[in-house]
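Take a look at the letters that make up each chain.
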Amino acid sequence: MKRILLCLLFISHLASADDGYRLWLKYNLIKDVPKREAYARSAQFIALTGTSPILKSAAEELQTGLQGLLGKTVPIIANAGNRTGGIVLTNASGADVQTLTKEGYKLASRKGSNITVSGKTDSGVLYGVFALLRQLQTGQAIDNLSLAGNPKIQYRLLNHWDNTNGTIERGYAGESLWKWYELPATVDPRYRDYARANASLGINGTVVNNVNASARFLTAEYIEKVATLANVFRPYGIRIYLSVYFPAPKVIGGLKTADPLDPEVKKWWADKTNEIYKLIPDFGGFLVKANSEGEPGPQDYRRNHADGANMLAEALAPYDGIVMWRAFVYKADPKSDRFKAAHEEFTPLDGQFDKKVIVQVKNGPIDFQPREPFSPLFGNMPKTPLSMEFQVTQEYTGFATHWVYEAPIFKECLETDTYVKGKGSTVAKVIDGSLHQYTMTAIAGVANTGTDRNWTGNSMAQANWYAYGRLAWDHTLSSENIADEWVKMTLTSEPKAVKTITDLMMRSREIYVDYNTPLGLSRPWSGVHFAPEPWQEKSVRPDWTAIYYHRADSIGLGFDRTATGSNALAQYRPEVQKQWNNPETCPLPYLLWFHHVPWTKKLSTGRTLWDELCTRFYTGADSVGWMQKQWAQVESAVDPVIFADVTGRLATQHKEAIWWRDSWVLYLQTYSKQPIPAPFKKPDRTLEDVKALSEIYKLR
Ligand code: BDP
């Protein structure tokens, strides 16, 4: 008897187990019966006028969603006729949709009539369907609907740093989703679910391979594989793009040069582009990392970035494709400041790029740090469209172990004022084109997906994919609303738990910064970017050491970027300089980004720099304990599998937060020569202990 009971318990546990695969498209049955019945009365049929593959995806998704949420099969019919009480999907052209842009949608409903989901294009209808499903998933009313959505940015992409052998550069959730060895013959059903998830956010493009690109992707063999993926993505309004290896004409084309001004090279790219478009008629274009971190580029032939980009643009001229040329460049010069490199190389080229080129800029001047000031390129290239590159994968924010909700990182950058055209010239207005009337706008997020069943390793990191996509569509959404939406769609609708989890998410980034890089420290030193190594002073390049960035010495800490130092601050407008160039008034989150501050200097908090640093490292690490306690409170409201998984990851995060804290304070103490201030207790290990730990981490 006992055995049977145990068995039954196990089965019921399995039945409720959630492996996270369905992401935010869970479509679980709505438990509130009156609400469910009210929804069902307005969703008696789905009327679909049109037969395009995208419209078909829209109707099918709606049917799947309603099946789960309402527990009934809602029929798809060709025409509503006089019927009411259903959902009508239309790709319209009339007055109704006049305020919509190409991919915008409109949801409208009145009591006693139908809900209409309209768009000017099929993609608009698809996005409208997801918006309607979101209404239901988050428990909103759908009778008096009047909702419209227009994307603020035209090209909304994910960038996958995936390699031909299945590995992912800076990927922490398993292997590449793309099974290159199986393609094109075998098509993993997961590709379609990937497309559904992206379409639900409005993502309309994906670069499938690493920016450190292999030339193999341009071979006939791989183009066929890529075309197969494109066929799966197309019905979800997603176009495919490729990262290209600049010397491909030499490596796979047999040419002697890859000089972008060489006629044979130009012809090679034009022919290659034709070959791609033959198989992928809606191919999106090329992403290029050139003359950066050892990747070859036009400068190898004494040409500049514009020469390289324009050559590819010319190849794309007959087609509706674009070139995304990355501005992530810096030279191994110990005397220069890496912070200034992109601005120095790119601003002189403003206006020289072909109209099909957009320059893709990372949010900060260095490299996806837990906190960075905005890149000074934003606002300083009025004649060249600039796009934003955010990193969704957590290269510097604790891989798949640490819980860091990234929307606040993205928003912080987007909302910062560049002052290039007076007050209110935010970074968001640069990239949505409204500041300089760019002819083309784009945004990219370096993906955090992989073959892990839950896609992102840590289930909480699904929220970062979600938040990136939602902000790519509409950068004015708040981090908090996005978190609230995601929690309700993904984890629970129990109000107290929603609040607790949202609150955890909203605090997670500051907590991470506190124990990892407080007061404007940064850590782009070489290696795997996980273990703490502030002592690292040797590398193949000076700017790949830790000491290059934090500049700790017997006097103090931080990188002087004012006029007495590298003067990187001069790349910003005077209004921005004014906020940051005085160490007395510089906001503490940016302090060490711009100033070398004495250990004994009193900060605005009333503590000395040393005491403040210690306070942040210790309270940051302690706060992970707080996160654990908060999470423990939601146990009954979330799925047991997800609950246990996150509980485990938080325990590891706590341990590692203490590791980071100890490493920093023990190392910096060798310079500050000061004790750990009360009430904090000095680490119970030595600097040698933590150094040894980091060494072990590096062993293969
Ligand atoms: C850095 C990564 C490196 C990437 C590079 C890039 O450490 O793996 O290749 O950025 O963006 O953050 O090109």
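Cut-offs applied
Residue numbering note: each chain is counted from 1, following its sequence as written. Only residues with pLDDT of at least 70 are given local features in this predicted model, and only at 80 or more are side-chain atom pairs given and counted; all residues enter the totals for whole chains, interfaces and linings. Side-chain figures throughout are based on the complete set of non-hydrogen atoms in the structure, without hydrogens or water. UniProt positions are given in the numbering used here, feature names are shortened, and annotations may be inferred rather than shown by experiment. To count as a disulfide, a pair of cysteine sulfur atoms needs to be within 2.5 Å. Here's how the labels work: a residue is buried when its accessible area is under 20% of the maximum for its type, exposed when over 50%, partly exposed in between, all with a 1.4 Å probe on protein chains only. The way it works is a 1 Å grid over only the protein atoms, where trapped points that fit a 1.4 Å probe form a cavity and open points with protein on both sides within 12 Å along at least five of seven lines form a pocket, and then any residue with an atom within 4 Å of a point lines it. Grid points are joined across faces, edges and corners, and a volume is the space filled by probe spheres set on the points. Strands here mean DSSP runs of E at least two residues long; helices mean DSSP runs of H or I at least four residues long; both are numbered from the N terminus. Note that Gly is not counted as nonpolar here; it falls among the polar residues with everything else outside the nonpolar set of Ala, Val, Leu, Ile, Met, Phe, Trp, Tyr, Cys and Pro and the charged set of Asp, Glu, Lys and Arg. Those domain boundaries reflect an automatic or database domain assignment. For two strands to count as paired, DSSP must find a minimum of two bridges between them. Lines fitted to C-alpha atoms define the axes, with helix axes restricted to the stretch in contact, and inter-axis angles between N-to-C directions lie between 0 and 180 degrees. Here, two residues are considered to be in contact whenever any of their heavy atoms come within 4.5 Å of each other. Think of it this way: a Phe, Tyr or Trp ring, Trp meaning its six-membered ring, pairs with another when their centres are within 6.5 Å, and the plane angle makes it stacked under 30 degrees, edge-to-face over 60, tilted otherwise. Just to be clear on terms, a salt bridge is a Lys or Arg side-chain nitrogen sitting within 4 Å of an Asp or Glu carboxyl oxygen. When at least one non-hydrogen atom of a residue lies within 4 Å of a molecule or strand, that residue is treated as near it. We call two N or O atoms a polar contact when they sit within 3.5 Å, provided that within protein one can donate a hydrogen and the other can accept it, with sequence-adjacent residues counted only if both atoms are side-chain atoms. Throughout, the accessible surface (probe 1.4 Å) given up by two parts as they are put together, summed over both, is called the buried area.

Taking an unreviewed UniProt entry as the reference, the protein is identified by name as Xylan alpha-1,2-glucuronidase belonging to Spirosoma pollinicola. Checking UniProt for the protein, the heading Subunit (unreviewed entry) contains the comment "Homodimer." Looking at the Sequence similarities (unreviewed entry) heading of the UniProt record, one finds this comment for the protein: "Belongs to the glycosyl hydrolase 67 family."

J.: Provide a residue-level description of the state of the cysteines, including the pertinent values.
T.: Tallied over the entire structure, the rule returns zero disulfides. The thiol sulfur of Cys413 is not disulfide-bonded, and the nearest other cysteine sulfur, from Cys586, lies at 17 Å. According to the relative accessible area criterion, Cys586 is buried, its value standing at 4%.

J.: Before we move on, can you summarise the layout of surface pockets with the specific residues and values?
T.: Vacant regions in the atomic arrangement are exposed by a probe of water-molecule size rolled over the atoms. Its boundaries defined by the atoms lining it, the largest pocket holds a volume of some 780 Å³. What lines the largest pocket is a set of 30 residues, among which Asn28, Leu29, Lys31, Thr492 and Ser493 lie closest to the centre. For the lining of the largest pocket, the secondary-structure elements that each account for two or more residues are helix H1 (2-16), helix H4 (122-137) and helix H14 (479-490). Top element by residues in the lining of the largest pocket is H14. It accounts for three residues. Split by residue class, the lining of the largest pocket holds twelve nonpolar, nine polar and nine charged. When residues are assigned to domains, the lining of the largest pocket turns out to be shared by domain 1 (20-148) and domain 3 (513-559 + 596-697), each giving three or more. For the second largest pocket, the calculated volume is near 510 Å³. Lining the second largest pocket are 25 residues; nearest its centre among them are Lys102, Glu103, Gln154, Asn204 and Arg239.

J.: Before we move on, could you go through the sheet that holds strand S14 (residues 442-446) and cite the residues and values that matter?
T.: Taken in spatial order, the eight strands of this closed barrel run S7-S8-S9-S10-S11-S12-S13-S14, and their pairing is parallel. For this sheet the average axis-to-axis angle between neighbouring strands, irrespective of direction, equals 25°. Across the face of the sheet, helix H6 (residues 220-233) comes into contact with strand S8 (205-207) and strand S9 (239-244) while running at roughly 150° to S9. Helix H13 (residues 462-473) contacts strand S7 (155-159), strand S13 (386-391) and S14 of the sheet and is inclined by roughly 160° relative to S7.

J.: If you had to explain the packing of aromatic side chains to someone new, which residues and values would you point to?
T.: Counted under the stated rule, the structure contains 46 aromatic pairs. Between Trp178 and Tyr191, the ring centres sit 5.9 Å apart and the planes meet at 50°, which makes this aromatic pair tilted. Note that Trp178 is positioned in the loop between S7 and helix H5 (190-201) and Tyr191 in helix H5, a separation of 13 residues in sequence. We classify Trp178 as buried; its relative accessible area is 2%. Ring centres of Tyr548 and Phe559 lie 6.0 Å apart, and the angle between their planes is 70°; this geometry places the pair in the edge-to-face category. In this pair, Tyr548 sits in helix H16 (residues 547-550) while Phe559 sits in the loop between strand S15 (556-557) and helix H17 (574-580), placing the two residues eleven residues apart along the sequence.

J.: Tell me what's going on with the pattern of salt bridges, and back it up with residues and numbers.
T.: Taken as a whole and judged by the stated rule, the model has 41 salt bridges. In this structure, Arg453 engages Asp19 in a salt bridge whose closest nitrogen and oxygen atoms are separated by 2.8 Å. With Arg453 in the loop between S14 and H13 and Asp19 in the loop between H1 and helix H2 (33-41), this pair connects stretches of sequence that are 434 residues apart. Overall, Arg453 belongs to the partly exposed group, its relative accessible area being 48%. For Asp19, a relative accessible area of 38% translates into the label partly exposed. For Asp645, the salt bridge identified is with Arg649, shortest N-O distance 3.0 Å. Placement of both Asp645 and Arg649 in helix H20 (residues 640-672) is noted, with a separation of four residues, approximately one turn of the helix. Among the charged side chains, a network of salt bridges with common partners joins Arg371, Glu412, Arg509 and Glu510.

J.: Can you tell me about the site of the ligand, naming the residues and giving the values?
T.: The environment of the ligand is made up of 13 residues, and the closest members are Glu169, Lys289, Arg326, Asp367 and Glu395. Contact distances for the ligand include 2.9 Å between an oxygen atom and a side-chain N or O atom of Asn212. Within the side chain of Lys362, a nitrogen or oxygen atom sits 2.7 Å from an oxygen atom of the ligand. A breakdown of the residues in the shell around the ligand according to their chemical character gives three nonpolar, two polar and eight charged.

J.: Run through the domain arrangement of the protein, naming residues and quoting values.
T.: Interfaces are often sized by the accessible area lost when the parts come together. Domain annotation for the protein reports domain 1 (20-148), domain 2 (155-215 + 239-250 + 260-271 + 285-483) and domain 3 (513-559 + 596-697). The interface of domain 1 with domain 2 comprises 14 residues on the first partner and 20 residues on the second. Taken together, the two surfaces of domain 1 and domain 2 that pack against each other cover about 1,600 Å², and 58% of this comes from carbon and sulfur. Ranking the residues of domain 1 by area buried against domain 2 places Tyr21, Leu23 and Trp24 at the top, with a combined share of 46%. Viewed at the interface, domain 2 and domain 1 are joined by three salt bridges. Taking the shortest distance from any N to any O, the salt bridge between Glu61 and Arg196 comes out at 2.7 Å. In this structure, the connection of domain 1 to domain 2 is made through seven residue pairs in polar contact (both at pLDDT 80 or more). Elements supplying a minimum of two residues to the side of domain 1 that touches domain 2: helix H3 (53-70) and H4. Among the residues making up the side of domain 1 that touches domain 2, the classes are represented as nine nonpolar, one polar and four charged.

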